[in-house]
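# Examining the three-dimensional arrangement
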Amino acid sequence: MTNTLASERAEQPPRSHLIIEPEGPSVFGLENVSFWYGRKQALGDISMKIPVKRVTALIGPSGCGKTTLLRCLNRMNDLIPGVRLEGSVNYHEHNIYAKDIDPVEVRRRIGMVFQKPNPFPKSIFENVAFGARVNGYKGDMRERVEKSLRQAALWDEVSDDLKKSGLALSGGQQQRLCIARALAVQPDVILMDEPCSALDPIATLKIEDLIRDLVKELTIVIVTHNMQQAARVSDYTAFMLAGVQGVGQLIEYGPTRELFTNPRDQRTEDYITGRFG
Amino acid sequence: MTRITFERELSEIQEDMFAMANMVETAISRGIQALKNRDLELAQGIITDDLAINKKRYDTEEKCLEIMATQQPLAGDLRTLVSVLYITVDLERMGDHAEGIAKIAVMLGDEPSLKPYIDIPKMAEVSIEMLRGSLEAYRDRDTARARVIVNRDDEVDALYDKVYRDLLTLMINDPETIQRATYLIWAAHNLERIADRVTNICERVVYLVEGKIEDLNVSKY
Amino acid sequence: MQGEHIEPVDLRATGAVARRQAFSRLSRYLLLAMSLLGVATLVVLGYITIDDGAGRIDLDFLTNYPSRFADQAGLRSSALGTIWILGTTIVLAIPVAVGTAIWIEEFAPKNALLTFVKLNIANLAGVPSIIYGILGLAMFVRFADLGPSILAGALTLTLMIIPMTVIASQEAIKQVPPSLREGSLAVGATQWQTVWSHVLPSALPGIITGVILSISRAAGETAALIMIGAFSFIAFDHSLNPAEALQDDFTTIPIQIYNWTIRPQEAFRQNAAAAIILLMIAVFTLNLTAAVIRERFRRTY
């Protein structure tokens, strides 16, 4: 109900108060990241650290830039003409936007799962094998495919017919196939862009369990418009909001349990309690 | 199975509650022991231990809220969490009553006992049985048992009346004993309150299983 | 609720709704009539042609060289010429056209140059074939001194069909959902790996359709070939060695048909009708093949 603009707020708490940096080692360190689509600025001055082997959720209303931020993390935004990024996105101390960095090398380590399940129109086996193959994997492909499918909790459902088209699977299975496809490259991080928005509640919960399982091995960053989902699966949550002229900003960031039981910023509280706008 | 994290958190928090019940049970039986044996050291120990019980209650509450905030429990899960919240409050208060008994043991110090303690330990025994039984009923989701346990509160109340009358007679006959007798009435009162709180736990068992909140023990006292 | 009066409801069309529905029904018949008009024309034309030419079709008609005598004339050299011309055109045009389409859609930086190139291709697709004939005459026949040869003819037709093939291929590539590219790039595939493994296979049915339609157009092309001088009397078979065959003069079925229709004798007009029937069967078979290939692909993908 109260959606006060930043400028109207008389006493803005200091930034550091709203950003609780996660403890332990981090996989990403963002420093003053701003991002433009052509002339339109989409992200403004975002700095945050993303912890290793944890689930970090990005939440916020539509148009707050959470997906844009996610796609900055593996240079997926490069594909869009006319984009520009300022600041640095450090991945294990390397700025992935430095001149000598190859985006293909970046994406090999930082996989991605998309909003709508997008398996290739090929067999289940080929779907999973593709990533390993293009990255020059020379070992036992069957073994790699099986391992990835098992990791994605899909093996038991598809093992007897790996030749079946990936498109013949149900929505939830397709999304897990996409996760298996990302895993086959053995990435360090998986970025998930609203991975359950096209799925029914049961399939959604399955993916969430899978996320909790995967995070023992790798780092996951998930964008979700479903706050409950962020609450359920993530260890850290970042709340974003489009500020003046629609520039996405990081409002509050900290351990999920704190953000959902005791948010420090009124706007965060309004959003997670459904009183926003 | 889905919602593995949630299931784990739910069972953890209930285990915490059972552990807390064990702590309370120990505190009550030790309190009576300290009272009986004039064991001041044991009594002091109970008073310190109560801090741990209180802390456990706050930890459990925080954990409950966290699960509610992050896992959106509904139906049976929601009733479980609400029950845990209420039961831990009751347990914490029982712990305070046990602490009260220990404090009385300290106040009585090594003054000679008025008479052999029979009814008060008996009250403690019944209360502890009720407490243990109520949590077993919770664990087994056994409402029939919960309803039976509730009725034992009358047993405790009857014992309390008897203790009260005996001590009153003592005080009338010999005003010398007034202070010590009053202390003992307080101790008995603490036990009576403990049994009352066990009935709350039994009500929570019924609520947990049947979803109804009802007053089980319409006491005759 | 008790005692509340509920108005009776009439759901039959009355008043304005009835009028609108009547118009809607009328429009349906009107549109049907229009499409039938086109079909009817085709049927009548087809009937006349078959009536004229069907009796003329036999094995000799296919295996005889052209002749001054209508009843001895056949399609041998023009059919072979058509096959050579189309084969060469396919080999020359497809790589260039599909390559251009891939470059435009997948690789080209989105700038003014690209817009200019795309605009030009669209314009070229609308240029009348006779203009390509003049271009072919000037560039290939005269300047490159190829003479009115199969190579010159094929090059001319290649130029002619490239724009439309590019546009059709572009459309097919555009139909490939971006999510497929993203899925591929996200596992660390390069742009080329993405195009080769996912974009091209998915776009292939559309590309094939476009290519076949272009080939059909080339198969029926007359003006451009006549323009470059392919109007010879051919009474020999082309060598099977492309190096030699490509230098040969040639004729094609459409040219042969044109040749026959301008003669006054009735018998030659029958020849023309027979040739038209055969050409139509060939084009129809071509289109059918395209449909079959497309369906086959759609099933595996």
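Here the structure is a predicted model, which means the values were calculated and not measured.

## A short note on the overall build of chain B
Broken down by element type, chain B carries six helices and zero strands. Counted from the first residue to the last, chain B has its helices and strands arranged as α-α-α-α-α-α. The C-alpha atoms of chain B give 19 Å as radius of gyration, which agrees with the globular expectation for 221 residues (17 Å, within 12%). Counting only C-alpha atoms, chain B reaches 70 × 35 × 20 Å along its principal axes. The buried share of chain B, reckoned over its 221 residues, is 50%.

## Overview of the overall build of chain C
Looking only at helices and strands, chain C has twelve helices and zero strands in total. For chain C, the α and β elements follow one another from N to C terminus as α-α-α-α-α-α-α-α-α-α-α-α. Each of the 301 residues in chain C was classed as buried or not, and the buried ones make up 39%. Carbon together with sulfur atoms contributes 67% to the accessible area of chain C, which is approximately 16,900 Å² in total.

## Quick look at the domain arrangement of chain C
All names here are of chain C. Examined at the domain level, chain C breaks down into domain 1 (15–55) and domain 2 (57–300). Relative to domain 2, the C-alpha centre of domain 1 lies at a distance of 32 Å. In this complex, domain 1 contributes six residues to the contact, which on the side of domain 2 involves seven residues. A combined buried area of about 500 Å² lies between domain 1 and domain 2, and 62% of that area is made up of carbon and sulfur atoms. Where domain 1 touches domain 2, the interface holds zero salt bridges. Between domain 1 and domain 2 we count one residue pair in polar contact (both at pLDDT 80 or more) in total.

## Side note on the pattern of salt bridges
In this structure the tally under the stated criterion is 38 salt bridges over all chains. Here Arg71(A) makes a salt bridge to Glu182(C), at a shortest N to O gap of 2.4 Å. Remark: Glu182(C) occurs in helix α7 (residues 178–186) and Arg71(A) occurs in helix α2 (residues 66–72); the pair is interchain, linking two chains. In this structure, Arg71(A) and Glu182(C) share a single accessibility class: buried. Between Glu129(B) and Arg152(B) there is a salt bridge, and its shortest N-O distance comes to 2.7 Å. With Glu129(B) in helix α4 (residues 119–139) and Arg152(B) in helix α5 (residues 143–173), the pair connects residues that are 23 residues apart, well separated along the chain. Accessibility expressed as a relative area gives 38% for Glu129(B), which makes it partly exposed. Each of the salt bridges in this network shares a partner with another, and the network as a whole consists of Arg147(B), Glu210(B), Lys212(B) and Glu214(B).

## Here we look at the side chain of Arg107(A)
All names here are of chain A. Structurally, Arg 107 is set in helix α3 (residues 103–109). Within the buried set, Arg 107 has no salt-bridge partner at all; the shortest N-O distance to an opposite charge, 4.4 Å, is to Asp 78. Reaching out from Arg 107, the side chain makes a polar contact with the backbone oxygen of Arg 75 at a distance of 2.9 Å.

Cut-offs used in this document
- Residues numbered from 1 in each chain as written.
- Chains lettered and ligands numbered in written order.
- Predicted model: local features only at pLDDT ≥ 70, side-chain atom pairs only at ≥ 80, totals over all residues.
- Heavy atoms only, no water.
- Helix = DSSP H or I, 4+ residues; strand = E, 2+ residues; numbered from the N terminus.
- Rg over C-alpha atoms; globule rule 2.2 N^0.38 Å.
- Buried < 20%, exposed > 50% of the residue type's maximum accessible area, 1.4 Å probe, protein only.
- Areas by Shrake-Rupley, 256 points an atom, 1.4 Å probe, with all protein chains shown as cover.
- Domains from an automatic or database assignment.
- Contact = heavy atoms within 4.5 Å.
- Buried area = accessible area lost by both parts, 1.4 Å probe.
- Salt bridge = Lys/Arg side-chain N within 4 Å of Asp/Glu carboxyl O.
- Polar contact = N/O pair within 3.5 Å; in protein donor to acceptor, adjacent residues only side chain to side chain.
- Lys, Arg positive; Asp, Glu negative; His and termini not counted.

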